[in-house]
Amino acid sequence: MSGFSFIMRALYALAMTVALVSCEKAIMAVDSTTSGDKNGNLRVSVYQIEQTPFTSITRRADNATTRAAQNASKACTRLNFAIYDEGGARLKQVNQTSDNASFGQCAFQLEEGTYQLVVVGHSASSNPTMTVPTKIQFTNATGYTDTFLCYGEVTIGEESVDYEVSLDRIVALCRFVVTDEIPAEVKKMRFYYTGGSGAFNAVTGLGCVASKQDVKFDVTPTGSKQFDLYTFLHDLSDNIALTVTALDAGGNELYSRQFDVPMQQNHITWLSGAFFSDSGSSSTTISGVTVNTDWAGETYLTF
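Residues numbered from 1 in each chain as written. Predicted model: local features only at pLDDT ≥ 70, side-chain atom pairs only at ≥ 80, totals over all residues. Heavy atoms only, no water.

Would you mind going over the pairing of strand E14 (residues 188-194) in detail, with residue names and values included?
Alternating positions in E14 separate cleanly, Met189, Phe191 and Tyr193 being buried on one face and Lys188, Arg190, Tyr192 and Thr194 remaining unburied on the opposite face. Judged from the seven bridges that link them, E14 and strand E19 (residues 237-247) form a sheet pairing that is antiparallel. Residue pairing across strands places Phe191 opposite Val244, the latter belonging to E19. (Buried < 20%, exposed > 50% of the residue type's maximum accessible area, 1.4 Å probe, protein only. Helix = DSSP H or I, 4+ residues; strand = E, 2+ residues; numbered from the N terminus. Pairing = 2+ DSSP bridges.)

Here it is, written out as structure tokens:
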């Protein structure tokens, strides 16, 4: 075997080893269990979700705080816990659903050092992409829901750390309400909106991409006339450009209106009016008054 051939084989073997190690690290980044590392030295417990306080608190024999899973599920059906190093590389992730016995609690076994902890609560159909803390992303396929976040830095030393976290709401909500009758031929309502984001930066709690959010709802003439549209704003307040379209069973457009909707983080913007009775114009002027209530606030608009 020539010296050149030997070197090439050696380099190939080294490359394959590096690839296998990289794949193993990528696989290990997401924990297959729903409670994390057994007897981990960082124990994380969700004790409060914004405006959804837990009322059922007991103590286990080891004095760790436990809370009934149904209390957390009042606010969300999924919790994602992720640990990143100081540079933002994900080390471990635990995903939980509300039917897990450990919902709201997990543990990580970590070496001494400083880490970034991100906890996300939501009710999407699947988990967001959480490769880096600065871009945690939901998609049109996973859906957009009420979303809560805790971000913090944790230092691990010789002693174990118990970290109780409180999650804050980081979405803005447009609650679209149709006040007139929905025609029988309308089978879906489509809401396409830009100006917000389907992803957020966990460090700031603000949107970080320019998204084209697209949500469809099945409807019936006697069904619900309220449709909830969530987004992560790029600032604490901003506007979204919303196009609302009524579709028939074949996906054909029957009615369409456009709106420029003012939004605020942790606020509900109620947008209501006669969508089908007065749809001669494709664009609509809206006006309203602000009322403080359960969220940080709500804005009522009519068209």
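After that view of the structure, there is still more to cover.
So, the sheet that holds strand E17 (residues 212-218): which residues are in play, and what are the values?
Strand pairing in a sheet relies on backbone hydrogen bonds, with the paired strands running either antiparallel or parallel. If you walk across this open sheet you meet the four strands as E17-E14-E19-E20, and the pairing is antiparallel. Taken across any chain shown, the strands that pair with only one partner, and hence form the sheet edges, are E17 and strand E20 (253-264). Strand after strand, the sheet turns through a mean of 20° between neighbouring axes, direction not considered. (Axes fitted to C-alpha atoms, helices over the stretch in contact; angles between N-to-C directions.)

Can you lay out the confidence of the model for the chain for me, pointing to particular residues and giving the numbers?
Per-residue confidence for the chain averages 81 on the pLDDT scale, and 73% of its residues sit at or above 70. Segment residues 53-70: pLDDT under 50, and 34 contacts once partners within four positions in sequence are set aside and those in other chains are kept. Residue range residues 287-293 is modelled with pLDDT below 50. Its contacts to residues more than four positions away, or to other chains, number 15 contacts. (pLDDT = per-residue confidence, 0-100. Contact = heavy atoms within 4.5 Å.)

How would you explain the side chain of Gln116 if you had to name every residue and give the values?
With respect to the helices, strands and loops of the structure, Gln116 is situated in strand E8 (residues 113-122). On the basis of relative accessibility, which here comes to 7%, the residue Gln116 falls in the buried class. At 3.0 Å, the side chain of Gln116 forms a polar contact with the backbone oxygen of Asp85. If we ignore the near neighbours within four places in the chain, the residues touching Gln116 are Ala82, Ile83, Tyr84, Asp85, Glu86, Gly87, Gly88, Pro133, Tyr151, Gly152 and Val203. (Polar contact = N/O pair within 3.5 Å; in protein donor to acceptor, adjacent residues only side chain to side chain.)

Would you mind going over the pattern of salt bridges in detail, with residue names and values included?
Scanning the entire structure with this criterion turns up seven salt bridges. Close ionic contact of Asp162 with Arg43 constitutes a salt bridge, the shortest N to O distance being 2.7 Å. Of the two residues, Asp162 is situated in strand E12 (residues 161-169) and Arg43 in strand E1 (residues 42-49); the sequence distance between them amounts to 119 residues. On the basis of relative accessibility, which here comes to 55%, the residue Asp162 falls in the exposed class. On the accessibility criterion, Arg43 (33% relative accessible area) is partly exposed. (Salt bridge = Lys/Arg side-chain N within 4 Å of Asp/Glu carboxyl O.)

Before we move on, could you go through unusual backbone geometry and cite the residues and values that matter?
Despite not being glycine, Asn39 has its phi angle at roughly 60°, a positive value. With respect to the secondary-structure elements, Asn39 resides in the loop between helix H1 (3-28) and E1. In this structure Asn39 comes out as exposed when scored by relative accessible area, which is 68%. Even without being glycine, Asn266 reaches a positive phi, approximately 65°. Summarising the element assignment, Asn266 is placed in the loop between E20 and strand E21 (267-273). Asn266 sits in the buried class, given a relative accessible area of 10%.

Give a description of the environment of Ala107 that names residues and reports values.
On the secondary structure map, Ala107 appears in strand E7 (residues 105-108). Separated by 72 residues in the primary sequence, Ala107 and Ser35 place their C-alpha atoms 6.4 Å from one another. If sequence neighbours within four positions are ignored, Ala107 has contacts with Ser35, Gly36, Asp37, Gly40, Leu42 and Arg43.

Give me the environment of Val161: which residues, what numbers.
By the secondary structure assignment, Val161 is in strand E12. Each C-alpha atom of the pair Val161 and Asn41 lies 6.0 Å from the other, and the pair is 120 residues apart in sequence. In this structure Val161 touches Asn41, Leu42, Arg43, Val154, Thr155 and Ile156, once residues within four positions along its chain are discounted.

Mind laying out the sheet that holds strand E10 (residues 135-137), listing which residues take part and the relevant values?
If you trace the four strands from one edge of the open sheet to the other, you get E9-E10-E15-E16, paired in antiparallel fashion. Here the strands that pair on one side only, and so sit at the sheet edges, are strand E9 (129-132) and strand E16 (206-207). Judged from the two bridges that link them, E9 and E10 form a sheet pairing that is antiparallel. Bridge pairing links Val132 to Lys135 in E10.

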